[in-house]
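Structural overview for review
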Amino acid sequence: DHAGDEPPRLHGHGDMVSWVVLSNSYVELTLDLLRESLDQLYPGQFLPPRQQGNFVVDGNVPGVEFFIQSTLAGAAGTFFLYSVPGPYTEFSDFADHIEDASLRQLAEAQECWLSVDLIHKHTTEQEAYRFIGNVLAKLAPRDAAVLVHPSRLVTLRFDDDVRRRLANSGLAS
């Protein structure tokens, strides 16, 4: 048994409040770039950098994992943002659950992923999804192809309508 040869499938277990965007473009982020993007969404809330209230710090893997604290009215929560230059299929078996063959092929062909996951709920899941949706609508690259809910195994083609729905409501589920 060579089970140890399998990559760990950590993302998407349990009932996560999260969305994942799959694309072939890697969204290269630094703390400064992420803070600037968040401050464009929420002016004056993430710049200048701070350690209390609304802030962003590096996670365990700088440039790939970011810890975000949002105390914003209507979009509160504590989140991890991941921007990974590798296929999401290495972290999740979501594609095994896609019935539409063309959508499954499209999802499996994407080389990079970007996600925002709630790690601590401050108010409601709806507020968390609003923040997640706003951030992903802003940061998803032009070639974003697929949107995945990692624990509910919902997979959608990513298009302008999906980007707009993410930005407007966060696409709760």
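Structure: see above.
Residue numbers run consecutively from 1 along every chain, following the written order of its sequence. Owing to the predicted nature of the model, reporting of local features is limited to residues with pLDDT of at least 70; listing and counting of side-chain atom pairs is limited to 80 or more, with chain, interface and lining totals taken over all residues. The side-chain numbers reported here are obtained from all heavy atoms of the structure, hydrogens and water having been left aside.

Attention now moves to the pairing of strand β6 (residues 146-149). The side-chain alternation of β6 yields two buried faces, one formed by V146 and V148 and the other by L147 and H149. Strands qualify as paired when DSSP identifies two bridges or more between them. To qualify as a helix, a DSSP run of H or I must reach at least 4 residues; to qualify as a strand, a run of E must reach at least 2; elements of each kind are numbered from the N terminus. Bridge analysis of strand β1 (residues 18-23) against β6 gives 3 bridges, and the strand direction is antiparallel. The residue of β6 that forms the bridge with V21 is L147. Looking at chain direction, β6 and strand β7 (residues 154-157) are connected through 4 bridges and run antiparallel. Of the residues in β7, the one forming a bridge with V146 is R157. What sits between β6 and β7 in their antiparallel hairpin is a turn of 4 residues, with L153 showing a positive phi close to 55 degrees. Each residue gets one of three labels from its accessible area relative to the maximum for its type: buried under 20%, exposed over 50%, partly exposed in between, using a 1.4 Å probe on protein chains only.

The next thing to look at is the pattern of salt bridges. When a carboxyl oxygen of Asp or Glu is within 4 Å of a side-chain nitrogen of Lys or Arg, the pair counts as a salt bridge. As enumerated under the stated definition, the model contains 4 salt bridges in all. Close ionic contact of D32 with R35 constitutes a salt bridge, the shortest N to O distance being 3.7 Å. Of this pair, D32 and R35 both sit in helix α1 (residues 31-41), 3 residues apart, roughly one helical turn. Salt bridges linked by common partners bring D161, R164 and R165 together as one network.

With that out of the way, let us pick up the packing of α1 against helix α3 (residues 125-139). Orientation is described by lines fitted to C-alpha atoms, with helices fitted over the stretch in contact, and by angles between N-to-C directions that extend from 0 to 180 degrees. For the pair α1 and α3, the least separation of the axes is 10 Å and the interaxial angle reads 115 degrees. Relative to α3, the element α1 is oriented roughly perpendicular. Between α1 and α3 lies a crossing whose hand is right-handed. In contact with L34, S37, L38, Q40 and L41 of α1, α3 contributes F131, N134, V135, K138 and L139. By the convention adopted, Pro, Cys, Tyr, Trp, Phe, Met, Ile, Leu, Val and Ala count as nonpolar, Lys, Arg, Asp and Glu as charged, and the other residues, Gly among them, as polar. Along the lines of polarity and charge, the residues of the contact of α1 with α3 split into 6 nonpolar, 3 polar and 1 charged. The cut-offs work like this: below 35 degrees is roughly parallel, past 145 is roughly antiparallel, 65 to 115 is roughly perpendicular, and the gaps in between are oblique. Helix crossings get a hand from a simple test, with the near helix turned counterclockwise from the far one by less than a right angle marking a left-handed crossing and a clockwise turn marking a right-handed one. Residue contacts follow a heavy-atom distance rule, with two residues in contact if any of their heavy atoms lie within 4.5 Å.

The next thing to look at is α1. All of the buried residues in α1 are L34, R35, S37, L38 and D39. Packed against the buried residues of α1 are β2 (55-58), β3 (65-70), β4 (77-84) and α3.

Moving on: the environment of R164. Mapping R164 onto the fold places it in helix α4 (residues 160-169). Assessed through its relative accessible area of 48%, R164 is described here as partly exposed. In the structure, R164 is positioned 31 residues away from G133 in sequence and 9.1 Å away in space, judged by C-alpha atoms.

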